[in-house]
There are 2 protein chains.
Amino acid sequence: MTANVFPPRLAELLEALKFLPGVGPRSAERMVLHMFTRQPEGARRLSLSLAEALEAVCLCPRCGMLADGGLCVICRSAGRDPGQLCVVETPSDLAAVEASGAYRGLFFVLAGRLSPLDGIGPEELGLDRLEKRLEENVVKELILATSATVEGEATAAYLAQMAQRAGIRATRIAQGVPLGGELSYVDAGTLSSALAQRRSIE
Amino acid sequence: MTANVFPPRLAELLEALKFLPGVGPRSAERMVLHMFTRQPEGARRLSLSLAEALEAVCLCPRCGMLADGGLCVICRSAGRDPGQLCVVETPSDLAAVEASGAYRGLFFVLAGRLSPLDGIGPEELGLDRLEKRLEENVVKELILATSATVEGEATAAYLAQMAQRAGIRATRIAQGVPLGGELSYVDAGTLSSALAQRRSIE
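Since the structure is predicted, the reported quantities are computational estimates derived from the model, not experimental observations.

Asker: Please set out the pattern of salt bridges residue by residue, giving values where relevant.
Answerer: Residues and elements named next belong to chain B. Within this structure, the stated rule accounts for 18 salt bridges over all chains. Two residues, Lys-18 and Glu-15, come together in a salt bridge whose shortest N-O distance is 2.8 Å. Residue Lys-18 is classed as partly exposed on the basis of its relative accessible area of 30%. Taking the relative accessible area as the measure of exposure, Glu-15 reaches 40% and is therefore partly exposed.

Asker: Give a detailed account of the relation of the copies chain A and chain B, specifying residues and quantitative values.
Answerer: The two copies are related by a screw operation: chain A maps onto chain B through 180 degrees of rotation and 0.0 Å of translation along the axis, at an RMSD of 0.1 Å. On this basis, the relationship between the two copies can be described by a two-fold rotation axis. Within chain A, the C-alpha atom positioned nearest to the axis of rotation is that of A:Ser47, 3.1 Å from it. Mapped onto chain B, 100% of the interface residues of chain A again fall at the interface, so both copies present the same surface.

Asker: Give a detailed account of the interface of chain A and chain B, specifying residues and quantitative values.
Answerer: Taken together, the contact pairs 55 residues of chain A with 55 residues of chain B. Summing both sides of the interface, chain A and chain B together bury roughly 5,100 Å²; the carbon and sulfur share of this comes to 76%. When the buried surface of chain A facing chain B is broken down by residue, A:Val5, A:Arg9 and A:Phe19 rank first, second and third, together holding 13% of it. Applying the counting criterion to the chain A and chain B interface returns six salt bridges. For the pair chain A and chain B, the number of links is six residue pairs in polar contact (both at pLDDT 80 or more). Among the secondary structure elements, those contributing two or more residues to the side of chain A that touches chain B are helix 1 (8-17), helix 2 (25-38), helix 3 (40-56), strand 2 (66-67), helix 4 (73-76) and helix 5 (91-100) of chain A. Element by element, the count of residues in the side of chain A that touches chain B is highest for helix 3 of chain A, at 14 residues. Looking at the side of chain A that touches chain B residue by residue, the class counts come to 35 nonpolar, ten polar and ten charged.

Asker: Could you give an account of the environment of B:Arg129, naming the residues involved and the relevant values?
Answerer: With respect to the helices and strands, the residue B:Arg129 is situated in helix 6 (residues 127-135). Sequence-distant contacts of B:Arg129, that is, excluding residues within four places in its chain, are made with B:Cys60, B:Pro61, B:Arg62, B:Cys63, B:Gly64 and B:Phe108.

Asker: Residues and numbers for helix 2 (residues 25-38) of chain B, please.
Answerer: With 14 residues, helix 2 of chain B extends 19 Å from end C-alpha to end C-alpha; this agrees with the ideal 20 Å at 1.5 Å per step. Among the structural elements, helix 2, helix 3, strand 2 and helix 5 of chain A together with helix 1 (8-17) and helix 3 (40-56) of chain B are those in contact with the buried residues of helix 2 of chain B.

So, how was this worked out
- Residues numbered from 1 in each chain as written.
- Chains lettered and ligands numbered in written order.
- Predicted model: local features only at pLDDT ≥ 70, side-chain atom pairs only at ≥ 80, totals over all residues.
- Heavy atoms only, no water.
- Salt bridge = Lys/Arg side-chain N within 4 Å of Asp/Glu carboxyl O.
- Buried < 20%, exposed > 50% of the residue type's maximum accessible area, 1.4 Å probe, protein only.
- Least-squares fit on C-alpha atoms with pLDDT ≥ 70 in both.
- Contact = heavy atoms within 4.5 Å.
- Buried area = accessible area lost by both parts, 1.4 Å probe.
- Polar contact = N/O pair within 3.5 Å; in protein donor to acceptor, adjacent residues only side chain to side chain.
- Helix = DSSP H or I, 4+ residues; strand = E, 2+ residues; numbered from the N terminus.
- Nonpolar A, V, L, I, M, F, W, Y, C, P; charged D, E, K, R; others polar.
- Expected span 1.5 Å × (residues − 1).

Written as structure tokens, this is what we have:
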């Protein structure tokens, strides 16, 4: 609506900003005005780091996580248990598991999840790389942390079979009531999983 | 919290993104993951337009609005009334007035507002340029659209004197109840202005 008061190059920048998640016309305008009227150094720093990141960032050849040349931070770090391999769907999911602080093994990031209707089969997910990795005989447990959706479950089932063929134990993260969750607000499907996966109190 | 799973260049980009208004650690992370896992073309386009804008964007030498080399969009456009000059504090304020669609004159963007305590006097605001412009004898009305704050009012009073010296009519935008505003929610100061500036119904 107000973009017509901006010179063409800023109008183009406004458009380009809108592809970012959570950025609409109003916030793009606010960002542009902030960058060009208050914080030119900040804008220059952003421009530089974005250009450098685009130049350098690639996927880790071992696990598929974002990395800048060579292995990712986790594959490179000593002191992680190579016997545990946690399979997640995306780099965001890896970040979420890592933020929990409850896992010290390695990861394998799929390039999405099995979705035959969209033409995404085992090859598209990089499962051949995973299969080779399992054959190295280092991984003792394959932890399936794909999402709790139909495709995520199908992917987990497929991976469990793959682990079985390689003679490796496969586990699936638990489904149940979230921490602090009040039962009356939890949906029926989650509650049904929580009941089915109930455990003995020792 | 989760930034440690990102390679150094992405961690630097995360930091650089946080200077944008409304972007915190979580949304910066979401933006980075979106850029590098889903939308590499979008990120490349953003990087390019940001670099180009930083290269080209400057302030319009005539009015102080953002422009890319030479005059801004409004100073360049034919069909605006050069007899009216609206003074605003920032490019955002110009965009807001322009978005109202109620003004077809020209603008003058101050570099802020008078604030003696912060060492911002008439020179810092570019008022010498405004004075020269008023001496050109083209402007018939100086519309003071500075903000309704103490500094904004002081700036408006100063500008009104400047207009008087140049023999030009100065007007101030009205203060009152906003459109759709319910009286019980309007603050006392605004209501007092609205009463003081009441007009006859013809």
